[in-house]
Each structure stands twice: as structure tokens, then as C-alpha cells.
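Spelled out, the chains give:
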Amino acid sequence: MEPRCSVMVLALAAALSVAVAYDPLDPNGNITIKWDIMSWTPDGYVAVVTINNFQMYRQIMAPGWTVGWTWAKKEVIWSMVGAQATEQGDCSRFKGNIPHCCKRTPAVVDLLPGDPGAAVAAFQVSVGQAGTTNRTVKVPKNFTLLGPGPGYTCGPAKVVPSTVFLTPDRRRKTQALMTWNVTCTYSQYLASKYPSCCVSFSSFYNDTIVPCAKCACGCEHKTCVQGDSKRPLAVTGKHTHAAATRGHRDKEAPLLQCTTHMCPVRVHWHVKLNYKEYWRAKIAITNFNYRMNYTQWTLVAQHPNLDNITEVFSFDYKPVVAYGSINDTAMFYGLKYFNDHLMQAGPYGNVQSEVLMRKDASTFTFRQGWAFPRKVYFNGDECQMPPPDAYPYLPNAALPAPVASLGAAVVAVVAFLVLVVV
């Protein structure tokens, strides 16, 4: 290959690698790992490591994060507070005081995950056989992050200006002796070959129920059970105990209810009612995974009328403004202690709400699928949408969609119940 071609190939590969981790709805989203050296020790230092989640709608789910790296020299971890290394490694060269971890590539896990919705986590680490000055300390390399599954790519550690702290009385400033940052970005394509959720549609003005596409989340090598089977109860109980020890590996092997789409989660958008100045949509989220409860789940939808939400009845929401004044995206989430916990597959494995939106006379229409969302994300992963030519459509001879009446309401309810049953 000629040198010029080699350069072009490398440039293209670099561009694609960046594009894969780019989320147009959260262009600046990332997780930043910050190391602050707070004090020197006879053979190293004590640092506070802070993990900040700057993603708008992607959380670290239970059982929590795992951070890994490669030491630049022969460092060891003497002790940790708030986290722990998963393996101690070979510490046979030490006599008496044994380090917490002697591995050159430690993997550190959250000791007590606590609130999965928290945007900040921190732990303290005492590092030995390291430098004892800013010039002799070498930053770790090859950082990795699991949250708890794969999908994150971390850049190199970069030394930055030392973090400044305020004392509790806010009258004095102190600062870290040395600080470096690591930025990690998420790519759904690295996390999984297939989507983890799908979207289905229905409407009051058309009898057609548009299901999730067949094998929307992939069908090969997946274990599933029938919805009326007694097996899931036993397997789920066993899983609950195993989850504490196997961590994110269980997330990679869901036990699904048998469906045509084979997705762990389905989001259904139903265009329910049409009023003179408003219209109403119903959103239902169904969990088909017997091995996963979604605590503090999030649902993001993109639609041009989401900039004029009048009321959300059973969810909470906030706008996601990714680009200046463009406000066509909303993040929905459960009400605390009411429906912020999406239970495993079964009779309680669903949550639903209705959204009332004011019409914009210049753009509103029920034609050509306008009433359905452009994109849907569940827990930060983009869901597989139906093909555009399958959307419910207005009959050719139809007059403008009628204003809501009792008959229309009954048809809407019946259509929605039929979908839930199947």
C-alpha cells in the first residue's frame, strides 16, 4: 500500500472511531475520572479518585462501575476506602505488611453502589512503590471502564491544573498536589451487536398495530421462555443471588420472554386522542427480561411537538436541549417510590403514562406518521424503530382526524389493551 493511501486509511479509521462514540442528542456526554494526589507517603501517595457522569440520560446501573488501568512502573495499592480491587495478585515479595493489590493491571469496583442515579462517585487509594514528587510520579495508562457492561472507551490520562478545594467554612482554599483526568465515552455499537430495545406504534385513527420488527434485537444464541412458563420464577430467584458475585456478566446473558422481536425492552407509542387545541399520546414500557430490574430508568424521545408539553400524567420529565434553542427532545423517568422501578418480566414488568401536548397549527398533522417519535432511547441506548412505510397512516379518503369523542376514546383503549395482551 502506498504511503498516501496508508495515511488516508488511518485518518478514516480515526474519524470512524470518533463518530461511533458520538451521540447527537448528548454531544458532550462523557464520564470523567479525576485523580487528585492529596498527600505524599514514604513510598508513594494518597489520592482521591472521583468519577463524574456528565451524560444527560445514561446512568451507571447496579451492580456499579468497574475501573481498570495499567501501572506505569511497579506500583502497588496499599489500601483503599470506598472501593476495592477484585484481585489481590501476587504479593509474595512482601513481608509483614501485605498490600491490598499487587497486580499491574488492577480492576477496581464500587464497594457500595448506593444510588445508581448519583452522578458522582469517589474512593481513596494509597499507592506504594510510586514516585513521591510531581516529577517522579508516572500516571497510569490504558484505562478501562465498565458501567457495568462494555461500551466505554477511555482516552489517555492527562495532567491538568490541580483541583482547588474550599474548606467547610468556605474561608480557605487548598489544592491537590497533582491532578490528572481521564475521559471515557460510550458507544452503543461497542456495547452490543444488536439494540437492547425496540419501538412499536398504534393510533386511534387506524386499526393497524405496528409491532417491533422481527428479531429487532437479534434472535440467535438467545435463551427464552414462554410467558406462562413456571421456569422464570426459579431462574430469577437463583439469579438474584448470583448477581452479587458475577456482576455485569449476568447483564450479558438475559433470560427473555419469547417474543418475535426478542428484545429485553419494548417501548410502545400510542396516538390516543385528538382535541381542538391539544393531542394526547400514551407511552408504555414493557420489560421482557426475567433477569433484570431497571431502577431509575430513563426514556428519551425525539419529536417536534415535545417542545410544547402541557402535562405528563404518570411520569416525570425534563427537556433535553442538545443544540441551543432546538427543544424537540424530552427525557421521561419514573416518579420516585411509584414507578421509578421497572420490574422484571411478568405481570408487574411494565410502566406507562400519557403525554398531553399543545398543537402548533403551522406544523401539526396526523399524516405521514408525523405523530410518532423520530428516535427513542431507553437507559441511554437507541431503540430499533419500525420501518417508516409501516407507520399507521390516515386512510386516503379520511377527513381531518376527528376531535376526541367517547367512541374514539373506546377505540383507543381497545387498541392499546390488545397490544398489551399480545
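Residues numbered from 1 in each chain as written. Predicted model: local features only at pLDDT ≥ 70, side-chain atom pairs only at ≥ 80, totals over all residues. Heavy atoms only, no water.

- Taking an unreviewed UniProt entry as the reference, the chain is identified by name as COBRA-like protein belonging to Panicum virgatum.

Digging into the overall build of the chain
- For the chain, the count of helices and strands is four helices and 28 strands.
- Across the 422 residues of the chain, 45% fall into the buried class.
- In the chain, 74% of the contacts between residues at least 6 apart in sequence involve partners at least 24 apart.
- When the accessible area of the chain is evaluated, it comes to approximately 22100 Å², of which 57% is carbon and sulfur surface. (Helix = DSSP H or I, 4+ residues; strand = E, 2+ residues; numbered from the N terminus. Buried < 20%, exposed > 50% of the residue type's maximum accessible area, 1.4 Å probe, protein only. Contact = heavy atoms within 4.5 Å. Areas by Shrake-Rupley, 256 points an atom, 1.4 Å probe, with all protein chains shown as cover.)

A short note on the pairing of strand β3 (residues 66–70)
- Here β3 lies mainly inside the structure; five of its five residues are buried.
- Residue alternation in β3 divides its side chains into two sets, Thr66, Gly68 and Thr70 and Val67 and Trp69, and both sets are buried.
- With three bridges joining them, β3 and strand β6 (residues 107–110) adopt antiparallel strand pairing. Looking at β6, one finds that Thr66 is bridged to Val109.
- Two elements, β3 and strand β8 (residues 141–146), share four bridges in a ladder whose sense is antiparallel. Across the sheet, Thr66 pairs through a bridge with Leu146, a residue of β8. (Pairing = 2+ DSSP bridges.)

Topic: the packing of aromatic side chains
- Inspection of every chain in the model, using the stated rule, returns 25 aromatic pairs.
- Between Trp279 and Phe364 the ring centres are 5.9 Å apart and the planes differ by 50°, which places this aromatic pair in the tilted class. Here the residue Trp279 occupies a position in strand β19 (residues 278–287), and Phe364 occupies one in the loop between β26 (350–358) and β27 (375–378), the gap between them amounting to 85 residues. The exposure classification of Trp279 matches that of Phe364, with both residues buried.
- Taken together through their ring pairs, the aromatic side chains of Trp35, Tyr45, Trp69, Trp71, Phe143 and Trp180 make up a single cluster. (Phe/Tyr/Trp six-rings, centres within 6.5 Å; stacked < 30°, edge-to-face > 60°.)

Focus: the state of the cysteines
- Summed over the entire model, instances satisfying the criterion amount to seven disulfides.
- For Cys197, the disulfide goes to Cys383, at an S-S distance of 2.0 Å. The disulfide joining Cys197 to Cys383 has a torsion of about -95° about its S-S bond and is therefore left-handed. One end of the pair, Cys197, is in strand β14 (residues 197–203); the other, Cys383, is in the loop between β28 (381–382) and α4 (406–421), with 186 residues separating them in the sequence. (Disulfide = S-S within 2.5 Å.)

A word on the pattern of salt bridges
- Under the definition given, this model contains four salt bridges.
- Notably, a salt bridge pairs Arg358 with Glu277, separated by 3.5 Å at the nearest N-O pair. One end of the pair, Arg358, is in strand β26; the other, Glu277, is in the loop between β18 (265–274) and β19, with 81 residues separating them in the sequence.
- Glu354 serves as the salt-bridge partner of Arg280, at 2.7 Å between the closest nitrogen and oxygen. Linking Arg280 in strand β19 with Glu354 in strand β26, this pair joins segments that are 74 residues apart in sequence.
- Since its relative accessible area comes to 11%, Glu354 is described here as buried.
- Residues participating in the shared-partner salt-bridge network are Lys272, Arg280 and Glu354. (Salt bridge = Lys/Arg side-chain N within 4 Å of Asp/Glu carboxyl O.)

Thoughts on empty space enclosed by the protein
- Per the counting criterion, the structure on display carries one cavity of 30 Å³ or more.
- Estimated volume of the largest cavity: approximately 30 Å³.
- Around the largest cavity, the lining residues are Val267, Trp269, Ile283, Leu299, Ala301, Pro373 and Val376.
- Of all the secondary-structure elements, those providing two or more residues to the lining of the largest cavity are β18 and β21 (298–302).
- Partitioned by chemical class, the residues of the lining of the largest cavity number seven nonpolar, no polar and no charged. (1 Å grid on protein atoms, 1.4 Å probe; cavity = no way out; pocket = protein on both sides within 12 Å on 5 of 7 lines; lining within 4 Å. Points joined across faces, edges and corners; volume = space filled by probe spheres on them. Nonpolar A, V, L, I, M, F, W, Y, C, P; charged D, E, K, R; others polar.)

As for the sheet that holds β8
- The strand order across the open sheet formed by four strands is β5-β6-β3-β8, and the pairing between neighbours is antiparallel. Bordering the open sheet on either side are β5 (83–85) and β8, each of which pairs with just one other strand. Sheet twist, expressed as the mean angle between neighbouring strand axes with direction ignored, is 20°. (Axes fitted to C-alpha atoms, helices over the stretch in contact; angles between N-to-C directions.)

A short note on the environment of Pro156
- With respect to the helices, strands and loops of the structure, Pro156 is situated in the loop between β9 (152–154) and β10 (158–160).
- For Pro156 and Trp180, which are 24 residues apart along the polypeptide, the C-alpha to C-alpha distance reads 9.8 Å.
- Beyond its immediate sequence surroundings of up to four residues, Pro156 is in contact with Asn181 and Val182.

Some thoughts on the sheet that holds β28
- One open sheet accounts for five strands, arranged β23-β24-β21-β27-β28; its pairing is antiparallel. The strands lining the two open edges of the sheet, one partner per strand, are β23 (315–319) and β28.
- In terms of strand pairing, β21 meets strand β24 (residues 329–334) through five bridges, oriented antiparallel. Across the sheet, Thr298 pairs through a bridge with Tyr333, a residue of β24.

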